[in-house]
Structure formats: C-alpha cells, structure tokens
Amino acid sequence: GIKQIKILGYGLIASVVMGCDTPQSTKESNSSGSQEIKKSLSLEKEEISKELKDSVVNYIYTINGKKYGVETLPNLYIETSGKKRKLFLEKYLNYTLSLESLQEEQIKYKKQIDRYIKQEIEKNRYRGVVLDELEKEILFKSITLRTIAREEIAKDREDLDKKVKEFYTKNEKKYSYKRNIEVSYIYFKDEEKAKEVLFKLKKEKVDIARFASFAREYSISKKMRFNSGYFGYLLEDEKHKEFFSELWKSKENGFIPTVMKSNNVFILVYIHQKREAGVESFEEAKDTIRTNMLTKSVRGWINRHYRKIMKNTKVDIFDTFEDNKSF
C-alpha cells in the first residue's frame, strides 16, 4: 500500500554525497530523524484513507502544508527507482530548504559560487565522471550552500589570509613532491577477467569517460568504483618502484592497452599526466588550505542554519520508493 513518511523538526536527514557536507548530518540528528520516521511508520494502519490515496497522485511532498508535485523536481526523478529516488528527494529538500532563506547571499557570492561549480565540472570532466541530472542538482546545491557558509565565516576572520600564508610557509617542505604519475585504475582479482574487460574496452576508442564508466562497472574496489577509477598521484617509492618505472617509460599518456600487475592485483591503467619533481606554489595551494581551515566551521554553520529553519518547518513526503511509485 501507499506509505506516508512524515518528517518533523530536523528529522529530514541526508547522508554526505560526493564528499559534500549535507545539512544536519550529525549522529544526534540522525538518531532523532530515525526515531521520528519509525514512530510515524509504526502508527500506520494497513488500510490507507481514500484521501491519502487520492492526494498521493497529485503531489510528492508538502512543506508547511503547501503541496508540491513531481513537476517541481528534475525530469529524471520519475525515471529513477527505489533507494536512489528516496535519497535524492531527501537531499534535494535539505538543500532547497537551506538555500531558500539565503537568496541575498546567493547573489552576493555568485562569483565565488560560479567559480567553484566551474572547477567541479572541469574536475569531473577530467576524471571522466558523467553525472546524471539528479546528481548535478545535488552537487550544485551543495557547492552553493558550502560556498555561502565558507564566505560568511571568512568575512568575520580578518586574519584568515595571514594564517593561510603562515600555514604554507610553515609546511612548505610538504608541498615539495617527487616525480609522480596521475592515474586512474580498474582493479581485478584474476587476469582472465581483466583480459575479458580489456577486450570489451578496446572495441571503441578508449577516452577517459569510457574508461571511467568501465571502472564504475567492473572494478573490485568499492572505493575506486565510487571514484570512477580515479586514483590520484602514484609516487615513485620503494613499494611501487617497478610498477612506477614501467608506467613512466610508456611513450604517451592515456590508456595503456595491456593488463598490468602490481601487489598481486591485475590492473587496467589510464595515465592522466606525468610530473617531474617540483613544488606546489602558494598560489596553487592557498585555496585548498583556506577551505581545509574552514571545513569544521562550515559544517557547524550549515547545521545551525538548518536547525533554525526546521524549528518552524514541517515536511511530509508522499512517495512509496521501494518501489510502487506514487506518480
């Protein structure tokens, strides 16, 4: 039958997505939210009222009694099933409610927001990550909210730029790096499976987007599947010396059309770039240092803002999710 999930107070919780801070993702609030949802579901009766059955056809959720239909959500929502649809709606409502009262801040920090969104788009393109409509929606809202929080905190810290510079100067040696190779991988337990996937992969031109899609499907590493195969920088050290040397000798960057082996794992490799030893400059490092310095404060700012909103907000979700769709 059709279920109504009532989420009261700040019980509307979403987990962290793609490394982003989701409003009110603390253990305390998760517990509160779970208890609220369980309480609501436990009070349900097998017989659903005609009013509820009829209403579900017309709207997906309400905010303080105002009804919102499926047309308010991205088109892909109606094509998405079960858990993914449920998680999207929870995250979407979290971010939408958080940003609704930050209209002026969205205008004020538009330049910074646009810059960070552009950076994220470029990073995903570079790594071969293709986001669907729902993932883009959540990512852009997340970046918008975190940027506003970060800039609101930073404006009250007059010495922030000075501290960023001091941090870099104090840790300058850590910004030196040996020669390295930026890579993406697909991991396999056995060589035959690796060769089988290699054969499939080579049927068409192997660009990074195709390689990343195969990594999401075939890699035995859950973490690497989540990262679309992106590993980062392989360093020239004793542990990877022979493997590193073999990759470094390859004439071109891009896909290595052979199965390789390292530490008893069979690997397909995509080389993004090779870098000689060098030093990351302050200009290159400062934005990351600044963001890291403010991360904890940003999370707190987002959660406090969200709790404040939810004190006077009641959200009801009307959708069945697993997976007798209500629309």
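Residues numbered from 1 in each chain as written. Predicted model: local features only at pLDDT ≥ 70, side-chain atom pairs only at ≥ 80, totals over all residues. Heavy atoms only, no water.

Student: Can you walk me through helix α9 (residues 208-218) in this structure?
Tutor: For an α-helix, the turn length of 3.6 residues means that residues three or four places apart are oriented alike. Restricting attention to buried positions, one finds in α9 the residues I208, R210, F211, A212, F214, A215 and Y218. Buried residues along α9 sit in contact with α5 (110-127), β5 (180-188), α8 (191-201), α10 (222-226), β7 (254-262) and β8 (265-275). (Buried < 20%, exposed > 50% of the residue type's maximum accessible area, 1.4 Å probe, protein only. Helix = DSSP H or I, 4+ residues; strand = E, 2+ residues; numbered from the N terminus. Contact = heavy atoms within 4.5 Å.)

Student: Whenever I open this one, the nonpolar core confuses me. Can you help?
Tutor: Across soluble globular proteins, nonpolar side chains have a tendency to be buried as a group. Counting 46 residues, the largest nonpolar core has Y61, L73, Y77, L89 and W301 as its most contacted members. Secondary-structure elements contributing two or more residues to this core are β2 (61-63), α3 (82-100), α5, α6 (133-154), α7 (160-170), α12 (282-310) and β10 (315-318). The element that contributes the greatest number of residues to this core is α12, accounting for 10 residues. Residue contacts for L73: discarding those within four places in its chain leaves I60, Y61, F88, L89 and Y92. (Core = buried A, V, L, I, M, F, W, Y, C linked by side-chain atoms within 4.5 Å.)

Student: Explain the environment of Y61 to me, please; I cannot follow it from the model alone.
Tutor: Tracing the backbone through its elements, the reader meets Y61 in strand β2. Note: C-alpha distance between Y61 and V315 (254 residues apart in sequence) is 7.1 Å. Setting aside anything within four residues of it in sequence, one finds Y61 in contact with K66, K67, Y68, T72, L73, L89, Y92, L93, D316, I317 and F318. Side-chain polar atoms of Y61 contact the side chain of T72, separated by 3.2 Å. (Polar contact = N/O pair within 3.5 Å; in protein donor to acceptor, adjacent residues only side chain to side chain.)

Student: Quick question: what am I supposed to make of the packing of α3 against α12 here?
Tutor: Axes are the key here: two packed helices are described by the angle between their axes and the distance separating the axes. Two elements in contact, α3 and α12, have axes separated by 10 Å at closest approach and are oriented at 85°. Considering the angle they form, α3 stands roughly perpendicular to α12. Between α3, through N94, L97 and S98, and α12, the contact on the second element is made entirely by H305, Y306, I309 and M310. Looking at the contact of α3 with α12 residue by residue, the classes come out as four nonpolar, three polar and no charged. (Axes fitted to C-alpha atoms, helices over the stretch in contact; angles between N-to-C directions. Parallel < 35°, antiparallel > 145°, perpendicular 65-115°, else oblique. Nonpolar A, V, L, I, M, F, W, Y, C, P; charged D, E, K, R; others polar.)

Student: It is not clear to me how unusual backbone geometry should be interpreted in this structure. Could you clarify?
Tutor: Here the phi dihedral of N64 falls at roughly 50°; this positive angle occurs in a residue that is not glycine. Here N64 lies in the loop between β2 and β3 (66-68). Phi is positive for S228, which is not a glycine, with a value near 55°. Given a relative accessible area of 2%, S228 falls into the buried group.

Student: So what exactly am I meant to see when it comes to the sheet that holds strand β6 (residues 230-235) here?
Tutor: In any sheet, the strands associate via hydrogen bonds between backbone groups, in a parallel or an antiparallel arrangement. Strand order in the open sheet made by the four strands is β6-β5-β8-β7, with antiparallel pairing throughout. Each end of this open sheet is capped by a strand with a single partner; those strands are β6 and β7. Strand after strand, the sheet turns through a mean of 40° between neighbouring axes, direction not considered. Pairing between β7 and β8: six bridges, direction antiparallel. Pairing of S262 across the sheet is with V265, part of β8. In this fold α9 packs onto β5, β7 and β8, with an angle of close to 45° to the strand it touches most, β5. (Pairing = 2+ DSSP bridges.)

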